[in-house]
Amino acid sequence: SAVISQKPSRDICQRGTSLTIQCQVDSQVTMMFWYRQQPGQSLTLIATANQGSEATYESGFVIDKFPISRPNLTFSTLTVSNMSPEDSSIYLCSARTGGTDTQYFGPGTRLTVL
Amino acid sequence: EDQVTQSPEALRLQEGESSSLNCSYTVSGLRGLFWYRQDPGKGPEFLFTLYSAGEEKEKERLKATLTKKESFLHITAPKPEDSATYLCAVLGGSEKLVFGKGTKLTVNP
């Protein structure tokens, strides 16, 4: 299994600013992911965070808006840039362990943009 | 394209009233079907992974089963603390977990 922590757990930000969310896994994992979950909705994949290379983004998400870093096998960051109220959401970090393919999730970061 | 459909969208049960949640799926090259529980304002909590038709897994009052087209999450004698949204997801050849929209379960005392 994998235990995932995220910082911050929540934040209230002003329009036009940026927020970086940190994700730490307690063990080395093969793959890390970032998701967005809007109120009452299911999870939407933003990107796959690749260790040592650029992230792979899903349709509708771009690097300039959501830059991602993954410097090692246990840590990743997601930045939400030039925020607008439409970015208000819960952002979730996820990691997949090798072997079982099981994917675990962090507790989420609740972002409110005013 | 991989797809997951969960039903019902919402389910209200009385404490002790057993029921089942359905997850229908289409996937190219199933690597696993996953059930998660999500409480309001929290991240999904992993419950089960099923890999092949006929497989069953149990945890307390929950039992997950898998066929070639669908999975069921059976809840036996539920308690109010089982109230949550239950998410089903599949992993196939795309390497991406595809989620259903979830079933919101409410268990009344």
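Just above sits the structure.
To keep things clear, this report deals only with the structure shown in the data block. (Residues numbered from 1 in each chain as written. Chains lettered and ligands numbered in written order. Predicted model: local features only at pLDDT ≥ 70, side-chain atom pairs only at ≥ 80, totals over all residues. Heavy atoms only, no water.)

**Points about the state of the cysteines**
Residues and elements named next belong to chain A.
At step 1: Counted under the stated rule, the structure contains two disulfides over all chains.
At step 2: Disulfide partner of cysteine 23: cysteine 93, at an S-S distance of 1.9 Å. On the S-S bond that ties cysteine 23 to cysteine 93, the torsion sits near -70°, and the link is left-handed. Here the residue cysteine 23 occupies a position in strand S3 (residues 19-25), and cysteine 93 occupies one in strand S9 (residues 89-96), the gap between them amounting to 70 residues. (Disulfide = S-S within 2.5 Å. Helix = DSSP H or I, 4+ residues; strand = E, 2+ residues; numbered from the N terminus.)

**Points about the interface of chain B and chain A**
At step 1: On the side of chain A, 20 residues touch chain B, which itself brings 19 residues to the contact.
At step 2: Summed over both partners, the interface of chain B with chain A comes to about 1500 Å²; 51% of that surface belongs to carbon and sulfur atoms.
At step 3: Considering only the side of chain B, the residues that lose the most area to chain A are Pro44, Lys96 and Phe99 of chain B, jointly responsible for 26% of the buried surface there.
At step 4: Where chain B meets chain A, there are three salt bridges. (Contact = heavy atoms within 4.5 Å. Buried area = accessible area lost by both parts, 1.4 Å probe. Salt bridge = Lys/Arg side-chain N within 4 Å of Asp/Glu carboxyl O.)

**Observations regarding the layout of surface pockets**
At step 1: By volume, the largest pocket is sized at about 680 Å³.
At step 2: What lines the largest pocket is a set of 29 residues, and nearest its centre among them are Gln37, Pro39, Gly40 and Gln41 of chain A together with Thr85 of chain B.
At step 3: The set of elements that each furnish at least two residues to the lining of the largest pocket consists of S9 and strand S11 (109-113) of chain A together with strand S9 (84-91) and strand S11 (103-108) of chain B.
At step 4: Residue contributions to the lining of the largest pocket peak at four residues, all from S11 of chain B.
At step 5: Residues that form the lining of the largest pocket fall into these classes: seven nonpolar, 16 polar and six charged.
At step 6: Lining the second largest pocket are 17 residues, and of these Leu43 and Leu45 of chain A together with Leu97, Val98 and Phe99 of chain B sit closest to its centre.
At step 7: Secondary-structure elements contributing two or more residues to the lining of the second largest pocket are strand S5 (44-49) of chain A together with strand S10 (97-99) of chain B.
At step 8: No other element matches S10 of chain B, which puts three residues into the lining of the second largest pocket. (1 Å grid on protein atoms, 1.4 Å probe; cavity = no way out; pocket = protein on both sides within 12 Å on 5 of 7 lines; lining within 4 Å. Points joined across faces, edges and corners; volume = space filled by probe spheres on them. Nonpolar A, V, L, I, M, F, W, Y, C, P; charged D, E, K, R; others polar.)

**Structural notes on the pattern of salt bridges**
At step 1: Evaluated as defined, the whole model comprises nine salt bridges over all chains.
At step 2: A salt bridge links aspartate 87 of chain A to lysine 65 of chain A, with the nearest nitrogen and oxygen atoms 2.6 Å apart. Of this pair, aspartate 87 of chain A sits in the loop between strand S8 (75-80) and S9 while lysine 65 of chain A sits in the loop between strand S6 (56-57) and strand S7 (68-69), placing them 22 residues apart in sequence.
At step 3: Among the ionic pairs, glutamate 95 of chain B bridges to arginine 96 of chain A, the shortest N-O distance being 3.2 Å.

**Brief notes about the pairing of strand S5 (residues 45-50) of chain B**
Residues and elements named next belong to chain B.
At step 1: Pairing analysis gives five bridges linking strand S4 (residues 32-38) to S5, with the strands arranged antiparallel. In the strand pairing of S5, arginine 37 is matched with glutamate 45.
At step 2: From the end of S4 to the start of S5, which pair antiparallel, there are six residues, and glycine 41 there has a positive phi angle of about 75°. (Pairing = 2+ DSSP bridges.)

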